Every structure is written in structure tokens, then in C-alpha cells.
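Single-letter residue listing:
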Amino acid sequence: MKKGKILEHKLVPKHEVMEESEVKELLDTYKIKKEQIPKIKLSDAVIKEIKAEVGDVVKITRESRTAGKFLAYRLVIE
Amino acid sequence: MRTKRIKGIKFGLLSPAEIRRMSAAKIITADTYGEDGFPIEMGLVNQRIGVIDPGLRCKTCGGRMGECPGHFGHIELAAPVIHVGYAKLIYRMLSATCRKCGRVLLEEKEKERFLAEIERQKEKQADVGDVVKEVFKEAVKNAVCMYCGEHQRVIKYDKPTTYIEIDEEEKKRRLMPTDVRERLERIPDEDIALFGMDPKSARPEWMVLTVLPVPPVTARPSITLESGQRSEDDLTHKLVDIIRINQRFMENRDAGAPQLIIEDLWELLQYHVSTYFNNEIPGLPPARHRSGRPLKTMEQRLKGKEGRFRGSLSGKRVNFSARTVISPDPDIDIDEVGVPEEIAKELTITVNVTERNLEAMRETVRRGKKHPGANYVRRADGKKVKVTEINYEALADELDIGWKVERHIRDGDIVLFNRQPSLHRVSIMAHRVRVMPGKTFRVNPTVCPPYNADYDGDEMNLHVLQTEEARAEAKILMAVQRNIISPRFGRPIIGGIHDYITGLFLLTWGEKKFEREEVLEMLRKITVNDLGEPAEAPYWTGKQIFSMILPRGLNLQFRGKMCEKCIERGLVCMKEKCPHEAYVKIREGELISGVIDEVAIGSFKGIIIDRIFRQYGEEAAKRFINDASHLAINYILQAGFSFGISDEDIPKEGEKQIREEAVREAEHKVEELIKAYEAEELEALPGRTLEETLELLVMQELARARDEAGDIAERYLGIENAAVLMAKSGARGSMLNLTQMAACVGQQSVRGERIRRGYQGRTLPHFKSGDRGADAHGFVRASFKDGLSPTEYFFHAVGGREALVDTAVRTSQSGYFQRRLINALQDLEVKNDGTVRETRDTIVQFKYGEDSVDPSKGEYGKVVDIDEIIREMIGAEAGA
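For clarity, every value in this text was computed on a predicted model and none was experimentally measured.

Undergrad: Would you mind going over the overall build of chain B with me for this structure?
TA: Along the backbone of chain B there are 27 helices and 29 strands. Computed over its C-alpha atoms, the radius of gyration of chain B comes to 39 Å, more than 25% above the 29 Å expected for a compact globule of 880 residues. With the C-alpha coordinates of chain B rotated into their principal frame, the extents come out at 115 × 100 × 60 Å. Within chain B, buried positions represent 32% of all 880 residues. The contacts in chain B between residues at least 6 apart in sequence include a share of 66% that link residues at least 24 apart.

Undergrad: Mind showing me how you'd approach the overall build of chain A here?
TA: Secondary structure summary: chain A contains 2 helices and 4 strands in total. Projected onto its principal axes, the C-alpha coordinates of chain A cover approximately 40 × 30 × 20 Å. Summarising the internal contacts of chain A: among those between residues at least 6 apart in sequence, 60% fall at separations of at least 24.

Undergrad: Is there a simple way to think about unusual backbone geometry in this case?
TA: A negative phi holds for most residues other than glycine; trans holds for most peptide bonds. Residues and elements named next belong to chain B. Residue lysine 159 is joined to proline 160 through a cis peptide bond whose omega torsion reads 0°. That bond from glutamine 420 to proline 421 is cis: its omega, 0°, falls within 30 degrees of zero. Secondary-structure assignment places proline 421 in the loop between strand E14 (414-418) and strand E15 (428-436). The backbone of arginine 751 sits at a positive phi, close to 55°, despite the residue not being glycine. Here arginine 751 lies in the loop between strand E24 (749-750) and strand E25 (753-754). In this structure arginine 751 comes out as exposed when scored by C-beta crowding, with 8 C-beta atoms within 10 Å. Look at glutamate 850: it is not a glycine, yet its phi comes out positive at around 70°.

Undergrad: How do you make sense of the environment of Asp833(B) when you look at a structure like this?
TA: Residue placement: Asp833(B) occurs in the loop between strand E27 (829-830) and strand E28 (836-837). Spatially, the C-alpha atoms of Asp833(B) and Ser852(B) are 9.9 Å apart, while their sequence positions differ by 19 residues.

Undergrad: What exactly am I supposed to notice about the confidence of the model for chain B here?
TA: Interpreting fine coordinate detail is not advised for predicted regions of low pLDDT. For chain B, the mean per-residue pLDDT works out to 88, and 98% of the residues sit at or above 70. Interface confidence in the predicted complex, given as ipTM, is 0.92; pTM for the same model is 0.75.

Undergrad: What should I look at first to understand helix H4 (residues 129-139) of chain B in this one?
TA: Residues separated by three or four positions in an α-helix point in the same direction, a consequence of the helix having 3.6 residues per turn. Residues and elements named next belong to chain B. Along H4, the residues classified as buried are Val131, Val132, Val135 and Ala139. End-on, the buried residues of H4 take up no more than an arc of 100°, which puts them together on one face. For H4, exposure combined with an orientation more than 90 degrees from the buried face picks out Gly129, Asp130, Lys133, Glu134 and Lys137. Where H4 is buried, its residues meet helix H2 (87-96) and helix H3 (108-123).

Undergrad: What is the right way to look at the interface of chain B and chain A in this model?
TA: Often, the extent of an interface is quoted as the loss of accessible area upon association of its parts. Across the boundary between the two partners, chain B contributes 12 residues, which contact 12 residues of chain A. Class assignment of the residues belonging to the side of chain B that touches chain A gives a composition of 4 nonpolar, 4 polar and 4 charged.

Undergrad: I tried to follow the packing of helix H16 (residues 499-508) of chain B against helix H21 (residues 618-639) of chain B on my own but got confused; where do I start?
TA: Between two packed helices, the angle of one axis relative to the other and the distance separating the axes together describe the packing. Residue and element names in this part refer to chain B. In contact at an axis separation of 8 Å, H16 and H21 are set at 70° when each is read in the N-to-C sense. The pairing of H16 with H21 is recorded here as roughly perpendicular in orientation. In this structure, H16 contributes Asp499, Tyr500, Thr502, Gly503, Leu504, Leu506 and Leu507 to the contact, and H21 contributes Ala628, Ser629, Leu631, Ala632, Ile633, Tyr635, Ile636 and Ala639. Residues that form the contact of H16 with H21 fall into these classes: 11 nonpolar, 3 polar and 1 charged.

Undergrad: Looking at this structure, how should I read helix H26 (residues 790-825) of chain B?
TA: Over its 36 residues, H26(B) extends 52 Å from the first C-alpha to the last, a length consistent with the 52 Å expected when each residue adds 1.5 Å. When you tally the buried positions in H26(B), you get 1 out of 36 residues, a small fraction of the element.

Undergrad: Looking at this model, I keep getting lost on the environment of His580(B). Mind explaining?
TA: Residues and elements named next belong to chain B. Note on placement: histidine 580 falls in the loop between strand E20 (556-559) and strand E21 (583-587). We classify histidine 580 as partly exposed; it has 17 C-beta atoms within 10 Å. For the pair histidine 580 and glycine 752, spaced 172 residues apart in the sequence, the C-alpha separation amounts to 35 Å. Beyond its immediate chain neighbours, meaning those up to four positions away, histidine 580 contacts Met562 and Glu564.

Undergrad: Whenever I open this one, the sheet that holds strand E10 (residues 348-352) of chain B confuses me. Can you help?
TA: Within a sheet, each strand pairs with its neighbour through backbone hydrogen bonds, oriented either parallel or antiparallel. Residue and element names in this part refer to chain B. The 4 strands lie next to each other as E10-E13-E11-E12, forming an open sheet whose pairing is antiparallel. Lying at the two open borders of the sheet, with one neighbouring strand each, are E10 and strand E12 (384-386). Direction aside, neighbouring strands of the sheet carry axes that sit 25° apart on average. Relative to strand E13 (residues 404-408), E10 runs antiparallel, the two sharing 5 bridges.

Undergrad: Which parts of the structure should I look at to understand the domain arrangement of chain B?
TA: Partitioning chain B into domains gives domain 1 (26-70 + 215-309), domain 2 (84-204), domain 3 (321-483), domain 4 (499-638) and domain 5 (645-794). A C-alpha centroid distance of 45 Å is found between domain 1 of chain B and domain 3 of chain B.

Undergrad: Explain the sheet that holds strand E2 (residues 154-158) of chain B to me, please; I cannot follow it from the model alone.
TA: Residue and element names in this part refer to chain B. With antiparallel pairing, the 3 strands of this open sheet are ordered in space as E2-E3-E4. Each end of this open sheet is capped by a strand with a single partner; those strands are E2 and strand E4 (172-175). Going across the sheet, the axis of each strand differs from the next one's by a mean of 30°, ignoring polarity. Looking at chain direction, strand E3 (residues 162-166) and E4 are connected through 4 bridges and run antiparallel. Bridge pairing in E4 places isoleucine 164 opposite arginine 174. Sheet strands in contact with H2 are E2 and E3, and its direction is about 175° off that of E2.

Undergrad: Would you take a moment to explain the pairing of strand E17 (residues 459-464) of chain B for this structure?
TA: If a strand is regular, its side chains alternate between the two faces of the sheet. Residue and element names in this part refer to chain B. Alignment of strand E8 (residues 321-328) against E17, held across 5 bridges, turns out to be antiparallel. If you follow valine 325 over to E17, its bridge partner there is glutamate 459. In terms of strand pairing, E14 meets E17 through 4 bridges, oriented antiparallel. Within E17, the residue paired with valine 415 across the bridge is valine 464.

Undergrad: I keep staring at the pairing of E13(B) and nothing clicks. Help me out?
TA: In the sheet, strand E11 (residues 374-378) of chain B pairs with E13(B) via 4 bridges, with the strands oriented antiparallel. In the sheet register, Val377(B) faces E13(B), and the bridge partner there is Val405(B).

Undergrad: Explain the packing of helix H22 (residues 652-678) of chain B against helix H23 (residues 690-717) of chain B to me, please; I cannot follow it from the model alone.
TA: Interaxial distance between H22(B) and H23(B) falls to 9 Å at its minimum, and their mutual angle equals 170°. The orientation of H22(B) with respect to H23(B), classified from their angle, is roughly antiparallel.

Undergrad: Looking at this structure, I do not really get the environment of Met250(B). What am I missing?
TA: Residue and element names in this part refer to chain B. When you line up the elements, methionine 250 lands in helix H7 (residues 234-254). With 16 C-beta atoms packed within 10 Å, methionine 250 lands in the partly exposed category. Sequence separation of methionine 250 and alanine 79 is 171 residues, and the distance between their C-alpha atoms is 8.7 Å.

Undergrad: Got a minute to help me understand the nonpolar core in this structure?
TA: One broad rule of soluble globular proteins: the nonpolar side chains tend to lie buried together. Residue and element names in this part refer to chain B. Within the largest apolar cluster, 101 residues are counted, with the highest numbers of intra-cluster contacts made by Val339, Val415, Leu504, Ile609, Ala628, Ala709 and Ala713. Considering every element that reaches this core, the biggest residue donor is H23, with 8 residues. Apart from the residues lying within four places of it in its own chain, the contact partners of alanine 713 are Ile650, Gly654, Ile658, Leu738, Thr739, Ala742 and Ala743.

Parameters at a glance
Residues numbered from 1 in each chain as written. Chains lettered and ligands numbered in written order. Predicted model: local features only at pLDDT ≥ 70, side-chain atom pairs only at ≥ 80, totals over all residues. Helix = DSSP H or I, 4+ residues; strand = E, 2+ residues; numbered from the N terminus. Rg over C-alpha atoms; globule rule 2.2 N^0.38 Å. Buried ≥ 20, exposed ≤ 12 C-beta atoms within 10 Å, placed from the backbone. Contact = placed C-beta atoms within 7 Å. pLDDT = per-residue confidence, 0-100. Arc of directions from axis to C-beta. Nonpolar A, V, L, I, M, F, W, Y, C, P; charged D, E, K, R; others polar. Axes fitted to C-alpha atoms, helices over the stretch in contact; angles between N-to-C directions. Parallel < 35°, antiparallel > 145°, perpendicular 65-115°, else oblique. Expected span 1.5 Å × (residues − 1). Pairing = 2+ DSSP bridges. Domains from an automatic or database assignment. Core = buried A, V, L, I, M, F, W, Y, C linked by C-beta atoms within 7 Å.

Rendered as C-alpha cells:
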């Protein structure tokens, strides 16, 4: 597959790098530290594609069978 | 308390220095106890290496029996011996290193390569075994040492502990343990890493023993027999042997005995030390007890099912528990368990005596060993007194506040009840005790499904809870009625089975009429305050009677098991007027239409139970299940219900129809298919070969024949037939079962295909080679009642074997899958904020199940059932 196309694949959910303020809000809602967010590797194909950096938090919007739409968050690590 | 984290575990070998360092005493005497009955000094039951006699104190730590954990001692071996556990490794190391300079026989470059590889594996936390194996394999290939130029000799390993070196002239020389040790000592530290070992914690020469650690006496306690004679542990016996030979060896050597004798003694010492570690070494006769029983030494203690790991650590036994066979008792509540009096007298609950229960406890103790009595009493000073025939009255009078009484369990006590394998949480539930005569645990048949129990000899375990907190927790979380709804599929797992379904089916089916007396008889165990007006005075209908146990105000409608799926077939559902009575409608707690079957009250389905549980709570659901089972049993008892071989009888014309219309026609068609195939007129289906197409069509045809036979049988038998009734109501068995019994067993298969295995071109010598007919490939024309022909019987056995193997394989595989899944998930927790977190509080899922819905509380995949709410709002009026 050609590069740049994977974001359009139907099985790849929407990934977005979150703003600093959004991350703070997220951490406050769950009363957690950044390290407690599930991780995703920098080498992940989508992470490379959206050019996220180590320490960024990525918001993933998925289709959910039970809830319709579901938000997941991933901390980018090496 | 400060918590610490285990960073790592390191395994290594004990060095002689370390063995001496951890030793509390040097053992030189083989004797244990002296004539005075006290342990002798320097002996194997040394007072410095632990105490097992009450009253004595440890000379090392000063602890009494039970306080002192024991300390190691040591034996200085007169000559080194090989440790059997490492004999193979020693052989490989000898072969891989130079006999003169001790270096590993590999070029420097290769060594670097291997070391890097080992390092890489370690970083990955992977096994280094494969790399080490490679090191050994490469090293033995070099016949000349690249460091000192020494020519290597072939070393032969003679199991279990002998090494022989063969020189260039084929002369053999035995390597004594001293030689072996010397060679291993010469291996430099930097080469040891090539064997995947850390030279700091495991030098290879430590595999040749010069000092033997002696385990503390607490690890090998002696037992005193009734005769007052002491019987020592097997390990002690073995150590005695070792010390004796060790001493003889020394004496002989000091006396300058001939080499031959010394070698014999050395061999004997080697034998004793070897069997001390493992008494099941191939090639060595096991050391035996005087009685001829093989001794249980080190490895035997650890290994196998009854060993330390599987037997003592993973499988501990607990107190306050009982186990016996279970048997049914429909007259007890679903959350009760019948406990034999014999067991009730053995299991106790400790009660603190207070102002408020003093009199009651006195009364309990005064009953002594009679059932609701007590076994032990603990005084205020902590002294435990056994309640006996002689002292119970005195104890009862003496009983005071602050004492504790270990009283028998009695009716109403909360206990845990369990059946293995405990695969899901409902395998252990809390029941209320009910003490009864007999020797079995009595269980209400409706709670069989969660335990997956039956009464063909199943045994179950019972645990008596010992603290108030435990009892409260069990009552609130684990009670049977709490667990009626399974968290697995969100439907009741407890419900009617077998006769309960049949009973209610018969009661509510059609327009049954009952007189007042009959109604009262049926309801005699159920609390019903108002019989209401008889529908057809003076008769009450079956549906009316069933309605009496429904909660008032219940509104519900659904399609039962009898439903023919009219809507799916493009027809109109006739609802209340359904000819099969499949449309169950309940209005204001009144059964308006439909018949009660498995879908209504059965376990795993149970729509009515489900609704009552959600709308009226667990107590109401429990009451409903109890009432329904009593009603069902009372009715079926009165109506009578039986099944026998004559119920499989089909009238002559039916039989003829099956044979001639269904079976023969199908066989005819099969023949035609084969003819077409052989004439190459058959057209292949897409993606299949011609042969596959034929097989497929033949299978289809024969399956159709069996179904048709079943339909004919069903037509002749009708719903009045007990087997049909049970199948249709979902009580037991299926129409397929009945078809096979009464009409035609049908095609037998292996891996979804007709049976083809056997001889070349045929399954059995009874058929012609190349015969593709129905008979030759496992079509069983007969019914079980008719009896199978010899060839049919054989094919049936072939197919049956596959089913048997399948279940055996499936259970073990799915068991292992489940184990792995549970191990991975067991520490995850749903927190109060709805997140799923693991033990370090890192989040796994931001919202449990993405919708935060407990499957046992939601409405089958949805948070709420909107249709039902709307119906509730408007339907109650409109539908009335």
C-alpha cells in the first residue's frame, strides 16, 4: 500500500494529537499522571503518519459496538 | 508497613564455602538419639540444627519447637562425588573444554559472537538454552586446543556418574571425581559465561560435591510410634548411610588400604549421595527401606502430583470443610443445602460468649456432643477444652462472658458450596445450612446448572465461614439468589430443568380444569392467600393456577419455544390465538395466553424469571423459582408422566412410509447421482471438484431422508407422546434424538464427510471396491429401536469415536485457553470512575466495555430496552 493511504483505510480509526490543554483536562478528569495512560509505540504506522512525538497524547475515536462512538487515549513512547 | 518490590530472583550453585558458612554444626556421627533419649551432639538430630522435641531449646537460636525454623548442618565428604543432577552438564563441559588448560575449545572470535548472542537473549528475557547448546556443539568439534596446543581426547559418559577418557591408542581411563573437579576448576571465569552461567554464583566445580549440606531436622522430623519407638525420616536414613560410608572411607584411607578397596568405597559413597538426591535414577537400584519400600528422597519430595509444588503449594487442604456425594431434594429452598448430621457435628463456628448469648451458649454446651451442641470451649485465658460426655454439664455451668464456644453448624448458617472445576464465579455460592439425616449433601435441582452438577455420583465441597465479616460478605455477594442472573450472558442461569418444565408445560397447556380440592393440593407448599374466582366455575384453569405464583402487576409478552417463526416465514403472527400456544402474554400477573416452557422458566433462558428478578428483586425471583418448582412437581406427580420404549412405537403404515417414502427414495436418488457422476453428466458446483460435488449432494440427500423420516415419525407420534412433549417444551432431548430412536439414525460422519477410511476403495470387506452407495459409506437406515445391522453398527462406532475424541480434546484445550485468559485478566479492576485499571493503577480501558454496562444488569447489549418502556407506558392501557 502506498504511504499516506493508511489513514483512509476503513479499519484505521481517527487518530489526533491532543493539545496541551486537552491533555491536562484528561489527566484531571481521571486524576492520573501521564504515565498511567495506555501506551503506543512511536514506530506504530499511524503514529508515524500523523507525526506525533514521544510524550504526545493521541486521541483515538473508534466505532464501538456497544457505545456507538468511543474515545481512547494513548501516550506515545519510544 | 513499607512495601517492597521483588526486583529479581537469581539461581545459582552452593559453593563449599557457602555451605560451611550457613552450617550451624558439622555432623560426624551417624547416630541420632543417645541411650538417654536425648539427641546426641554432632549427630544427625543435632540440637543445633533445629528442635522437634517439645520442651527443648535450639542451641543456635534459642527458639522452642515451632519458633526455631531449623538450621543447616554439613558433612565434610572424605572424597569428592558427582552431583547426579548435574552429571550430564559436567559431561558436556568436560567435552567442550581443553583437558590441559581448561579453556573452551573455540576461537576467540567465535566466543565473542556467542557471548554477544547470549547477551542479546538475556536482554530479551529469552531463554539462552539454544545458544548454549550451540556452544557445546561447536566446541567438541575442535580436537586440538587453540590456546595450548593440547590434543583432546574423547570422553565417554557412562550413566549415571562415570566419565571415561579414551586416548589415541583406544586405551580407557576412568576420570575420578577428583580429576573431574580439577578440570572444571581450570575453566577460566570469562569462559563460563559461554555456558550461560554466572561464575560469581555458579562455578562449574561446585557441581562436584566436597561438602554436603545437611537439611535441618525440621525438614525431616522423626515420628514416635505408639510403642514409643522412634521412626526416622527417609532423608535421615539416607544421611546415616552417607556418614557411615564416609567414615569407613576415611578409616580405610588413613589405614592405607589397597586402591581397589578405596575405589569400591568411593563408588558406594557416590551411590548413597546420588540416591540421596534422587532415588529414581535409571541404571541405579533404588535405595530401600528395611521393609523393601524404596526411600523417598529429595527429588521424590518435590516431583509429581503429590510433590511439594503440585501437592503442597498449589493444592493446600483447608480446615472447616466437608465433601460428600450430592443428591436431589426438591423440597428444600434453592439457597439451602442439606447437610448430613454427621458432618454438621464435625464442622464448627466459633462464637464469642457475650451477655446476650450467654444463656443460649450454655444451652448449646449443655447439649454436649448431640447435634446442635459444641465440640470445644475456649476459656477466657485462652485455654481450649474439649467438650466430652463427662465434662459438658460442668462446662456449661462454668461458661462465662469472654469465653468462646465452637458450636456445631445448624440450620440457617451461611456456608460456601462448591463444585470443581470452578470455572466461573457461580461455581462457588453461599447457601443456608439445613441439617438432615442421611449421608449426602442435598441440593435443589434448580441450582444444578450453575455448578454443572448432576446426581450420578458427583461430589461437592462445603466450607464453613469463620468470621462475621466473611459471613456478611458471602450473604450479600455470593448468595444463590444474588446469582440467578449470570454475568456471562445476562440471563438466568438458575431455573427449571427437566420435570419442572414438563410439569408447568402440562399444567398450562390447553384448557385444563381443576376442582378446588385439586388446586389446594397443588398449592399446598406455596403461600397463596387468595384463589380468586374460578374461571369456569366450579373449575380453575391450569393457566389460572400458574398465575397465582406470578407477582401481581407483572406485564410481559414473548414467543415461547413452540413458536413456528411465522413472521420470519412471511406469515402473520396470530399472537394470543396462536394454534401452538407459543405466544405467552401476561397481564397484571395473569397468564392470558401461551404455554409455559423452557423459554419461560428454564435455566439459561427463563424470560419470566429474568423479568421478575429485574423488576421485583432477587427475593421475589427466588420465591418464584421455589413456587414454580413446587407447583410443577405437585402437578406432574398428580398427572403422571412416563417414557418407555413403547413410546417409540410407530404404527405399521408410518413405518412403511419411513422405509419406502423417505429412505428408499433418498437411496434411489443417491444411486442416480452416482450414475450421473460415473457417466460424467454431473455438473460441478463452483469451487469444488466433481467428486466433492457428488459427496456434498449425497450427504444432502441422505440428511434430508433422515429429517423426512423424523417428520413422518413426529406426525404419527404427536404432542401426546412423552418424548415429543419433552423435546418441544425443552425439558429434555431433541426431536433429532427421537428421530434416531424411532425412525432412522442417518448418515454417520467423520470430519463432516461420509466415512471413507478402511480398505483400499472400500470401508469394509462387505462392499465392492469403488462402491459409492449409501450403505457402503456409513448411512444407517435403521432406528435405534429397530437395531443396527453389523455394518451399520460399525459405522456408528466410527462416528461415535470421533465425537468422543473431540470432547476429550476440546475440554483440555478450552481449559488451557481459559486458564491463560484468566491469568491475564485476573488483576484488572473496574474502579469507581468507570475506568478499568491494573494493579499499578495504569488505565487499560477508559470506560468498562466502552459503555460502562454490566452485562448482567443491562438489557442484552443495550443499556435500556426502549421498546419495553414504551410498551409499559402505553401498552398496559392499549393492550388490556
